[in-house]
Amino acid sequence: MKGADADFIIIGSGPAGVSAAFPLIAAGRRVLMLDAGNDLGSQEESRSVRILGSDLESLRVDDGSSPKLQTPVSRGIVERFRRDSGIAGAGFMPIGSLARGGLSNIWGAQISYLDAEDIADWPIDIASLQRSYERISQRIGISRNADFTESANEQPVLPLGATAAHILQRHKVAKPVDGSFRLFPAVNAMLSQARPGRAACDLRGDCLYGCPSGAIYNSRQDLLLLRKSPHFRLLDNMRAVSLARNAGWTVGTADGLSFSAPRIILAAGVLGTAALLADHLPLEEQGLRLLNSPTLAIPLLSPARLLRSSTPTHSLAQLGLSLRYGGGTSDYVTGAIYEVGSLPAQSFINRMPLGRKAGRAAFETIAGSLLVATIYYPGDQSRSYIHRDATTGRSLIIRGGFADGFEIRAEALKKALRREWKRLGLIQLPGASLAEPGVDAHFAGTLPMGASGPSGTSADGELNLHPGLHIVDGSIIPDLSSKYITMTIMANADRIAHRLAETEAKPAL
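The following refers to the structure shown. (Residues numbered from 1 in each chain as written. Predicted model: local features only at pLDDT ≥ 70, side-chain atom pairs only at ≥ 80, totals over all residues. Heavy atoms only, no water.)

**Comments concerning the packing of aromatic side chains**
No. 1: Counting across every chain of the model gives six aromatic pairs.
No. 2: Plain terms: the ring middles of Y113 and Y133 are 4.9 Å apart, the flat faces sit at 85° to each other, and that makes the pair edge-to-face. On the criterion of sequence distance, the pair formed by Y113 in the loop between β3 (87-90) and α4 (126-140) and Y133 in helix α4 is long-range, its members being 20 residues apart.
No. 3: Centroid distance F402 to F406: 4.6 Å. Interplanar angle 10°. Geometry classified as stacked.
No. 4: The exposure class of F406 is buried, given its relative accessible area of 3%. (Phe/Tyr/Trp six-rings, centres within 6.5 Å; stacked < 30°, edge-to-face > 60°. Helix = DSSP H or I, 4+ residues; strand = E, 2+ residues; numbered from the N terminus. Buried < 20%, exposed > 50% of the residue type's maximum accessible area, 1.4 Å probe, protein only.)

**Remarks on the sheet that holds β3**
No. 1: Strands sit in the order β3-β19-β18-β13-β22 across an open sheet of five strands; the sheet is mixed. A strand with exactly one partner marks an edge of an open sheet, and here the two such strands are β3 and β22 (443-444). (Pairing = 2+ DSSP bridges.)

**As for the side chain of S330**
No. 1: Tracing the chain through its elements places S330 in the loop between β15 (319-324) and β16 (332-339).
No. 2: Exposure remark for S330: the relative accessible area of 6% places this residue in the buried category.

**A word on helix α1 (residues 15-26)**
No. 1: Between its first and last C-alpha, α1 extends 17 Å over 12 residues, near the 16 Å set by a 1.5 Å rise per residue.
No. 2: With 11 of 12 residues buried, α1 is to be regarded as a mostly interior element.
No. 3: Taken from the residues just after α1, G28 is the one with a positive phi, measuring 85°. (Expected span 1.5 Å × (residues − 1).)

Written as structure tokens, this is what we have:
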């Protein structure tokens, strides 16, 4: 191949892209990362402007989605994707990012790990994934919440908020006999101890869209480390729009530039990767299947905590939960419980069956005793497909929906949850809402590992019939459990990159 720009070109600087880059440059491979975003602009704005808007616009806007999607900084991140990606939704909210750092700019930092049962149908072994989990954990920093100050290994933990601690204690006293419901301190990608360039969490509770001192992981932090390597080069404002196979692969950008390498690694996010591969995949008939986790949000009140003062904590997930509510493989959900803390109050006030003024007064009275539970269904409870837009023949449209029988399962789940809330001394408030498909951006499964045919990939993420074209984002996750998925996407990208570093391309040195 003439004039290769690198041994590997990685498209995308989000959690998957950086996780693939580290093993390759450690092995001496030359890596060129192309990203559509940059670091200009928002860094000069105050934090309140980033979250509330210069004229407090986020307090007036409520599109029914999660509060984390309603602030100016969030809209700045996802709206460019909606405008430029050529992907629209029908009954589906396509969430993606063309900003440096991808969706880690707006993620919830929640961490979950899959086990051998979860990956039983994957073409890899659990040991290899666990090794990658460990490497990622060491790199990004993981902490657990607790109602004490030190864990068993004397590492500091982050204290639970008072209401979350109260609920956890009630659960310990009266666990379900059958073990169908679990409640435990949440795990987040957040530092409890400072490390170079990043401070430990100071419990300010102002966590939406990252932490000013870097306590919450964002893949932009990894880019600072990667750029210290002579084998790594990052080019900003390079929106990849085409892929062409020749002696190797050539990436074309929106500005008319091109870059070549023997191997391409796609880490553009599931939707972004689908857009890049649209000309290489058969989308004409049924469309490309897309897995996503239906999401249910439930406001809760702890009467025992009414009028009690809150304690300093962060506003990420405080508790994790899991619930098996039936005998089927799909009758299993996980979730997280948040203290309302510093989440935008308007989202809750708007859902109260009161006027705005009365709602605000009521909210201020009970805020310290409020919790929000977010429940995630497994991906097989979704029914979403990526199609070509028949009007243009070029753009893509995602038609989203729920699986057959979802309503029956949803009723069974609600009944089981009400039983658990009662046991925990919680009152479920009006305003529980099932989100529009796609809104929480847990996407996977468009190009699954181990599948045959033109839309399948190998265990190393290589697209069938397209040697040298690898995918490391959630596209290749074969099935989507109800567990939070970002950590697994990062670990799988790390696993694949280690495999490629061992087997492909000669070192630069």
